[in-house]
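Coordinate inspection notes
So the chains spell out like this:
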Amino acid sequence: MPPSTSPLPPPTPTERLRRMSRWMRGLIAAGALILVAVPAVFWSAEPAVLQKAAAELLPHSAAPIPITITPEVRLRILPVVAINVAVGLYALLQLWHLFGAYGRGVVFGPQASSCLRRLAWALMATALLRPLTQTVVVVMLTWHNPPGQRQLVIGLSWEDYLCLVFGGLLLAMSWAMVEARRLEQENAAFV
């Protein structure tokens, strides 16, 4: 007769949070690598590839707008793109620290609320910076065109709106965590 095996007990919420934190930190590390690599690969691509991709940033018109991609233009676009990458890396760093705290079992500590607050500000900055940097890139790509063919494109997307709203949500949650911790300490002092 085979030995009886008792089913393993289900993981506790703390164990599940630790396991999820490890997975999330892996995803965050992969995201950071992708966030740095994709713009570097994209802006070092052949001019024909860049022109086709950059044309998607321009409004559709009857006559195609010429785009100038020279080494000088690429060099000028680099710091603009780097700003978005830096803000994205900062947001991912806050998530890294947050899930590090969760992995240690610290859920409502000051570090968690600070990470959430900084993440919130990074998301809201992304929502504002992305349309601005896209505008600057389009201006730079059409700067060498003759008058009448230069473009100034200002676009807002649903993703920008969602980034702003979720940033506000996380900011409110971080403040609520601080207030809950303060009330808990105040109540503990009465006992």
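Preceding block: the structure.
Throughout what follows, the structure given in this document is the object of discussion. All values derive from a computational prediction rather than experimental measurement.

Attention now moves to the overall build of the protein chain. Within the protein chain one finds five helices and zero strands. Shown N-terminal to C-terminal, the secondary structure of the protein chain runs as helices and strands in the order α-α-α-α-α. Against the 2.2 N^0.38 benchmark of 16 Å for 191 residues, the protein chain shows a C-alpha radius of gyration of 24 Å, more extended than a compact globule. Based on the C-alpha atoms only, the size of the protein chain along its principal axes is roughly 75 × 60 × 30 Å. Counting all 191 residues of the protein chain, 29% fall into the buried class. A sequence separation of at least 24 residues applies to 80% of the contacts in the protein chain between residues at least 6 apart. Considering the protein chain, the positive charge centre built from 15 side chains and the negative charge centre built from 9 side chains are found 6 Å apart.

Moving on to the pattern of salt bridges. Pairing between side chains becomes possible if they bear opposite charge and their charged atoms approach one another. With the rule as written, the count across this model stands at four salt bridges. Between R130 and D160 there is a salt bridge, and its shortest N-O distance comes to 2.7 Å. Highlighted residues: R130 in helix α4 (residues 110-142) and D160 in helix α5 (residues 158-190), separated in sequence by 30 residues. The buried category is assigned to D160, whose relative accessible area is 6%. Ionic contacts of the salt-bridge type, sharing partners, join the residues E179, R182 and E186 into one network.

Considering all chains together, one arrives at zero disulfides under this definition. Unpaired in this structure, C115 has its nearest cysteine sulfur neighbour in C163, at a distance of 18 Å.

Our next topic: the nonpolar core. Ranked by internal contacts, the top residues of the largest apolar core, which has 16 residues, are L98, Y102, A112, L116 and L170. Going through the elements one at a time, α3 (71-103), α4 and α5 are the ones with two or more residues in this core. It is α4 that contributes the most residues to this core, seven residues altogether. Every residue in contact with L98, bar those within four places of it in the chain, is listed here: A112, C115 and L116. Formed by 13 residues, the second largest nonpolar core is a distinct cluster that contains W43, I69, V81 and L141.

Moving on, we get to a positive patch on the surface. Among the surface-exposed residues, R16, R18, R19 and R22 lie close enough to one another that they form a single positively charged patch. Residue placement: R22 occurs in helix α1 (residues 13-43). Among the residues examined, R22 registers a relative accessible area of 57% and is labelled exposed.

Scoring rules and cut-offs
Residues numbered from 1 in each chain as written. Predicted model: local features only at pLDDT ≥ 70, side-chain atom pairs only at ≥ 80, totals over all residues. Heavy atoms only, no water. Helix = DSSP H or I, 4+ residues; strand = E, 2+ residues; numbered from the N terminus. Rg over C-alpha atoms; globule rule 2.2 N^0.38 Å. Buried < 20%, exposed > 50% of the residue type's maximum accessible area, 1.4 Å probe, protein only. Contact = heavy atoms within 4.5 Å. Lys, Arg positive; Asp, Glu negative; His and termini not counted. Charge placed at Lys NZ, Arg CZ, Asp CG, Glu CD. Salt bridge = Lys/Arg side-chain N within 4 Å of Asp/Glu carboxyl O. Disulfide = S-S within 2.5 Å. Core = buried A, V, L, I, M, F, W, Y, C linked by side-chain atoms within 4.5 Å. Patch = residues over 30% accessible without salt bridge, like charges linked within 9 Å, V, L, I, M, F, W, Y side chains within 5 Å. Areas by Shrake-Rupley, 256 points an atom, 1.4 Å probe, with all protein chains shown as cover.

What is shown is where atoms sit, not what they do.
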